[in-house]
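One letter stands for each residue in the lines below.
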Amino acid sequence: MNQVNFQHGRMPDPCAMVIFGASGDLTKRKLLPALCNLAASKLLPRQFAIVGFAYGNATTDSFREQLTQDMKSLATNPIEPHVWDWFLERIHYVQGDFQDPAAYQRLADKLAEVEKDHGPLGNRLHYLAVAPKFFAEVVRQLGNAGLAQEDKGRWSRVVIEKPFGRDLQSARQLNREIKQVLQEKQIYRIDHYLGKETVQNLLVFRFSNSIAEPLWNRNLIDHVQITAAETVGVERRGGYYETSGALRDMVPNHLFQLLSLTAMEPPISFDADAVRDKQAEVLRAIQPPTQEEVLTKMVRGQYGPSLRSSAVGGYRDEPDVAADSNTETFVALKFTIDNWRWADVPFYLRTGKCMPRRVTEIAIHFRRTPFVLFRNTPIKDLQPNKLVIHIQPREGISIQMGAKIPGPIMNLGQVNMDFDYAREFHSSPATGYERLLHDCILGDQTLFQRADMVETGWSVIEPIQEVWTALPGHFPNYPAGTWGPETADALIGRDGREWRRIDEAAAAAA
Ligand code: BG6
């Protein structure tokens with residue numbers, strides 16, 4: 001394997017990273033393990049520090065001790081003792097309430113101290129690992145405390161986790177509020193799907209292979225299926241999920257990222273705005289459904305108890321979930337993109353909890369050959385080509401094509417041409433946050449959502465939200481451990497198509 005390094009070894013600027021909500025799960029499960037992986041790959045600046053900011057009554061010593069314990073089980077790779085020692089002396093803690101101006105003063109004092117000890121040259125990366133209701137408040141307080149200011153060549157960036165709003169209006173409001181303090185170039189709206197290797201590889205696959213582009217349009221593609229299925233239910237997140245549901249939780253963010261990278265036009269360069277302009281353009285070309293279309297092209301489901309195991313209850317049995325909850329845990333949606341490339345090519349999206357298999361993939365289904373040459377072969381055996389981008393848990397790309405089964409009789413079968421990340425690149429386990437954090441420190445916004453992209457995403461799903469809020473669903477309508485309600489099959493079946501049978505495909509590839 002030959003490698004081309006596009007970053008040309010650019011070292012990120014010195015900086016201090018402030019983690020708001022540092023005592024939460026995200027810090028120990030994703031951020032710290034990712035920072036350790038970056039440090040082990042020598043991709044962090046030498047002049048670096050972490051300041052944890054949280055409400056809990058910890059001290060710098062106890063915070064260091066807690067993280068040392070956490071990393072023993074949560075680091076994705078063994079951490080060399082000298083790497084961890086290097087980190088420990090750079091980790092600090094500030095106790096405070098997100099709404100208390102005095103706490104931000106203590107933070108400013110701590111940053112001044114850190115400046116002397118570790119030399120981050122006044123550059124700051126503020127990571128908001130906090131509940132969404134605090135996003136605007138933390139940014140406002142940062143502004144008041146002078147911690148969001150960029151001057152004398154120093155930068156100040158703010159990373160905001162999802163959910164960014166809960167509908168179009170709240171997303172716009174949040175954008176307005178944070179933009180009173182920050183410029184767009186300081187805002188990094190993170191979507192962890194863009195940290196996944198195969199998602200990034202989509203851009204490379206499409207735009208660095210000359211064989212891909214001529215195929216990538218309505219002339220050859222019949223339809224596209226994007227699936228993000230999870231085997232888990234809502235786990236301990238019933239309270240959050242009740243206010244969200246599968247549509248808000250997965251579609252305007254993760255699934256629209258996958259859709260826009262699949263469908264966008266080639267950018268004129270890999271500059272952040274060149275790429276995001278093209279993504280935004282294709283998002284704007286998705287037709288928001290009419291009320292009628294919501295009823296005919298958008299399906300929702302909620303899992304009930306499993307029929308196979310009495311140990312797996314339904315969504316309404318989960319903690320913090322209402323006994324008559326109207327929240328969907330599954331959606332199947334049909335969208336069309338109104339532009340020359342994709343006119344009449346449906347994009348079917350589905351995502352759900354408690355599905356039989358954990359799998360995220362984009363399957364490009366090509367058109368059938370124009371006439372049947374193999375007259376004695378049943379038509380159902382002549383499958384059209386499929387190109388599948390496997391995002392997780394398997395990472396890779398496969399192309400399914402027809403082939404003659406060896407023997408004196410003309411028998412056709414399906415074979416796969418397969419590229420498998422793990423087999424080809426032997427990369428070490430990662431959290432998916434490494435690239436994103438590194439990009440924040442480098443100041444590269446390509447993989448972060450711009451305000452207009454977030455708002456366009458919400459505007460597409462708004463009509464669905466409205467109809468679904470007005471009309472309760474017939475729930476529960478699929479047993480845990482199945483591929484969703486029958487209406488999802490009917491949705492695609494009406495178009496003479498069917499969902500990719502992921503169980504069978506996985507078994508064939510095994
Ligand atoms: C999160 C959602 O953004 O993404 C979760 O809030 C979901 O409900 C998760 O489980 C899926 O992420 P991944 O990386 O496991 O596919």
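First, a word on what this report is: a plain description of the structure on this page. (Residues numbered from 1 in each chain as written. Predicted model: local features only at pLDDT ≥ 70, side-chain atom pairs only at ≥ 80, totals over all residues. Heavy atoms only, no water.)

1. Remarks on the overall build of the chain
Next up, step 1: Assigned secondary structure in the chain consists of 15 helices and 16 strands.
Next up, step 2: For 510 residues, the compact-globule estimate of 2.2 N^0.38 gives 24 Å, and the C-alpha radius of gyration of the chain, at 24 Å, lies within 12% of that figure.
Next up, step 3: Principal axes of the C-alpha set define a box for the chain whose edges measure 80 × 55 × 45 Å.
Next up, step 4: Looking at the chain residue by residue over its 510 residues, the buried ones come to 52%.
Next up, step 5: At a minimum sequence separation of 6, the contacts of the chain that also span at least 24 residues come to 78%.
Next up, step 6: When the accessible area of the chain is evaluated, it comes to approximately 24000 Å², of which 52% is carbon and sulfur surface.
Next up, step 7: Looking at the chain, you have 58 positive and 62 negative side-chain charges, and the mean spots of the two groups are 3 Å apart. (Helix = DSSP H or I, 4+ residues; strand = E, 2+ residues; numbered from the N terminus. Rg over C-alpha atoms; globule rule 2.2 N^0.38 Å. Buried < 20%, exposed > 50% of the residue type's maximum accessible area, 1.4 Å probe, protein only. Contact = heavy atoms within 4.5 Å. Areas by Shrake-Rupley, 256 points an atom, 1.4 Å probe, with all protein chains shown as cover. Lys, Arg positive; Asp, Glu negative; His and termini not counted. Charge placed at Lys NZ, Arg CZ, Asp CG, Glu CD.)

2. A look at the packing of aromatic side chains
Next up, step 1: Going through the model one piece at a time under the given rule, you end up with 22 aromatic pairs.
Next up, step 2: Pairing Phe-63 with Tyr-93 gives two aromatic rings, centres 5.1 Å apart and planes at 50°, and the pair type is tilted. Of this pair, Phe-63 sits in helix H2 (residues 60–74) while Tyr-93 is found in strand S3 (residues 91–95), placing the two residues 30 residues apart along the sequence. We note that Phe-63, like Tyr-93, is buried.
Next up, step 3: Chaining the aromatic ring pairs together yields one cluster made of Tyr-240, Tyr-241, Tyr-303, Tyr-315, Phe-330 and Tyr-478. (Phe/Tyr/Trp six-rings, centres within 6.5 Å; stacked < 30°, edge-to-face > 60°.)

3. Structural notes on the sheet that holds strand S8 (residues 298–301)
Next up, step 1: In space, the eight strands of this open sheet follow the order S8-S10-S11-S7-S12-S13-S14-S15, with mixed pairing throughout. Where the open sheet ends on each side, the last strands, each with one partner, are S8 and strand S15 (411–420). The sheet shows a mean angle of 15° between the axes of neighbouring strands, taken without regard to direction.
Next up, step 2: Sheet analysis places strand S10 (residues 330–335) next to strand S11 (residues 347–352), joined by six bridges and oriented antiparallel. Within S11, the residue paired with Ala-332 across the bridge is Arg-350. (Pairing = 2+ DSSP bridges. Axes fitted to C-alpha atoms, helices over the stretch in contact; angles between N-to-C directions.)

4. Focus on the sheet that holds strand S6 (residues 187–189)
Next up, step 1: Strand order in the open sheet formed by six strands is S3-S2-S1-S4-S5-S6, and the pairing between neighbours is parallel. The open sheet is flanked by S3 and S6, the only strands paired with a single partner. Looking at each pair of strands side by side, their axes are set apart by 20° on average, direction ignored.
Next up, step 2: Alignment of strand S2 (residues 48–54) against S3, held across five bridges, turns out to be parallel. Paired with Ile-50 across the strands is Ile-91, a residue of S3.
Next up, step 3: Packing of helix H6 (residues 168–179) onto the sheet brings it into contact with strand S5 (156–160) and S6, and relative to S6 it is tilted by some 155°.

5. Quick look at H6
Next up, step 1: For H6, built from 12 residues, the straight-helix expectation of 16 Å at 1.5 Å per residue is met to within 8% by its first-to-last C-alpha distance of 16 Å.
Next up, step 2: Buried within H6 we find Leu-168, Ala-171, Leu-174, Asn-175 and Ile-178. Relative to the axis of H6, the buried residues are bounded by an arc of 130° and lie together on one face. Away from the buried face of H6 by more than 90 degrees, exposed residues Gln-169 and Arg-176 are located. (Expected span 1.5 Å × (residues − 1). Arc of directions from axis to C-beta.)

6. Remarks on the packing of helix H1 (residues 25–40) against helix H3 (residues 81–88)
Next up, step 1: Where H1 contacts H3, the two axes come as close as 10 Å, and the packing angle between them is 120°. Between H1 and H3, the crossing angle belongs to the class labelled oblique. Once H1 is placed against H3, the crossing between them reads as right-handed. Of H3, the residues touching H1 (which contributes Leu-32, Leu-35, Cys-36 and Ala-39) are Val-83, Trp-84, Trp-86 and Phe-87. (Parallel < 35°, antiparallel > 145°, perpendicular 65-115°, else oblique. Left-handed = near helix turned anticlockwise from the far one by under 90°.)

7. Some remarks on the site of the ligand
Next up, step 1: The full set of residues close to the ligand is Lys-162, His-192, Tyr-193, Lys-196, Glu-230, Arg-237, Asp-249, His-254, Lys-353, Arg-358 and Gln-392.
Next up, step 2: Residue Glu-230 places a side-chain N or O atom 2.5 Å away from an oxygen atom belonging to the ligand.
Next up, step 3: Take Asp-249: an N or O atom from its side chain is 2.6 Å from an oxygen atom of the ligand.
Next up, step 4: In the complex, 81% of the free accessible area of the ligand, which totals 400 Å², lies under the protein chains. (Near = heavy atom within 4 Å. Polar contact = N/O pair within 3.5 Å; in protein donor to acceptor, adjacent residues only side chain to side chain.)

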